[in-house]
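Coordinate inspection notes
Take a look at the letters that make up each chain.
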Amino acid sequence: MINDIDRLGIKTQSVWKDPIFILFTIFIMIVSILYIFAKSLLILLFITALLFILLDPAVFRVSRCVSHSVAVLLVLFAFFGILVVVASLFFHTILPDLAGFVREFPAVVAQFDSSALLRGLPPEFMDYGNQVLHDAVVFGVDIVKESIVPLIRTFSGVAEMIAVPFLTFYLLKDGRRIATSIGKFLSPVQVGKISPFLGDVGRVLGSYIRGQMLISLVSGIVVFIGMSIFGLPYAHILAVVSALSEFVPVIGTVIATVPGTLVALSYSPLLALKVLLFYVILLKVNHNIIYPKVVGKAIKVHPLFIMVAILLFGHLFGVTGMLFAVPTVAVGRVWLLHLLGQEKGDRVC
């Protein structure tokens, strides 16, 4: 018994001295300070880090044919060139319609006739049914406003992100050199522990980002085609809402069904039922077939923990927290595995 307690004490002391534990603790402290005093800077650095993780594999491949600096420039020009085209299309067409959709959505939903849904009920239940439907409509309108308005505000402040391309360039160009310089201040044992940990974090986040982008693109295209076939207005706006909602797994996809279903309900209950069935099928296909293959293999986190993390981060940090919940949990899992020495055989391919 005494020997077991002694071993436990020794193991606890070794954890406190573990370089991965120290690194992660310092990282959490820095993020907390930036969140409290410089939230915009934190978001800027986070976007830069994600772009580095996303583009670094492409730079590595291109650098096989040209020098590393030229490869960085080519990849960045290609990426931001595509981004400028997409942003131009968004600001000139989608963003004005998105603002109009937010303004007109309550009036559009208010047009539906609730008596068509309540016709078969006894008279004494009519008032109660009308109140329930009214509350459901108000709830749906609030969800749409709370989800879309922050998006519009974010894009209105896009000028603050002008530093992102420059930070990404220097990180892609000199990131490994900087890491090597920092490694000179550490012992070989510490470098041997931290380097695989950062490599696994990069692979997990890279797989997560690429998987989410693929799911988002598929959902946006499918919703646009589906809403166009149903003849609903704002098909492109509903597609954008659905695509963006995929970055908040499970909960975001469920919320994305609300605006489309309520718009369809303003025309007829039957059309609303068809649209709702369409969203349910899309949800099942995405999260039972596509999501486990392209994202699930990367993060290896049970959906229950994902939902709890999203709700917790949403309660603490709002919409931004919901977006960062899954990657934070995935990184935390990698950290815990390395801390406990169980990372072998669990590497992300």
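Figured I'd write up the structure that's included with this text. (Residues numbered from 1 in each chain as written. Predicted model: local features only at pLDDT ≥ 70, side-chain atom pairs only at ≥ 80, totals over all residues. Heavy atoms only, no water.)

1. Some details on the nonpolar core
Formally: What is meant by a nonpolar core is a set of buried Ala, Val, Leu, Ile, Met, Phe, Trp, Tyr and Cys residues, joined one to another through side-chain atoms within 4.5 Å. Each residue gets one of three labels from its accessible area relative to the maximum for its type: buried under 20%, exposed over 50%, partly exposed in between, using a 1.4 Å probe on protein chains only. Elements are defined by DSSP. Helices are runs of H or I of four residues or more, strands are runs of E of two residues or more, and each kind is numbered from the N terminus.
Core analysis: the largest hydrophobic core is formed by 29 residues, its most contacted members being Tyr291 and Ile299. Secondary-structure elements contributing two or more residues to this core are helix 2 (19–37), helix 3 (39–62), helix 8 (188–230), helix 11 (269–299) and helix 12 (303–339). At 12 residues, helix 12 tops the list of elements feeding residues into this core. Listed in part, the 17 residues of the second largest apolar core include Val223, Ala235, Leu271 and Leu282.

2. Here's the deal with helix 8
Owing to its 3.6 residues per turn, the α-helix brings residues three or four apart onto one side. The condition that has to hold: Multiplying 1.5 Å by the residue count of a helix minus one yields the expected span of that helix.
Between its terminal C-alpha atoms helix 8 stretches 62 Å, which fits the 63 Å expected from 43 residues at 1.5 Å a residue. Immediately downstream of helix 8, the backbone of Gly231 shows phi near 80°, a positive value.

3. Some remarks on the packing of helix 3 against helix 7 (residues 164–183)
How two helices sit against one another is set out by the angle between their axes and by the gap between those axes. The condition that has to hold: Lines are fitted to the C-alpha atoms to define the axes, a helix being fitted only along its stretch in contact, and any angle between axes, read from their N-to-C directions, falls within 0 to 180 degrees. Here the angle decides the label: under 35 degrees means roughly parallel, over 145 means roughly antiparallel, 65 to 115 means roughly perpendicular, and every other value means oblique. Here a crossing is taken to be left-handed if its near helix is turned anticlockwise relative to the far helix by less than a right angle, and right-handed if that turn runs clockwise. Throughout, a residue-residue contact means that at least one pair of heavy atoms, one from each residue, lies within 4.5 Å. Side-chain classes follow a simple rule in which Ala, Val, Leu, Ile, Met, Phe, Trp, Tyr, Cys and Pro form the nonpolar group, Asp, Glu, Lys and Arg form the charged group, and the remainder, Gly included, forms the polar group.
At a closest axis distance of 9 Å, the pairing of helix 3 and helix 7 adopts a crossing angle of 50°. Between helix 3 and helix 7, the crossing angle belongs to the class labelled oblique. Crossing of helix 3 over helix 7 shows right-handed handedness. Residue-level contacts link Leu44, Leu45, Ile47, Thr48, Leu51, Phe52, Leu55, Asp56 and Val59 of helix 3 to Val164, Leu167, Thr168, Leu171, Leu172 and Arg176 of helix 7. Looking at the contact of helix 3 with helix 7 residue by residue, the classes come out as 11 nonpolar, 2 polar and 2 charged.

4. Regarding the packing of helix 2 against helix 8
Relative to each other, helix 2 and helix 8 sit at 55°, their axes nearing to 9 Å. Classified by the interaxial angle, the pair formed by helix 2 and helix 8 is oblique. Between helix 2, through Pro19, Ile20, Leu23 and Phe24, and helix 8, the contact on the second element is made entirely by Gln190, Lys193, Ile194, Phe197 and Leu198. A breakdown of the residues in the contact of helix 2 with helix 8 according to their chemical character gives 7 nonpolar, 1 polar and 1 charged.

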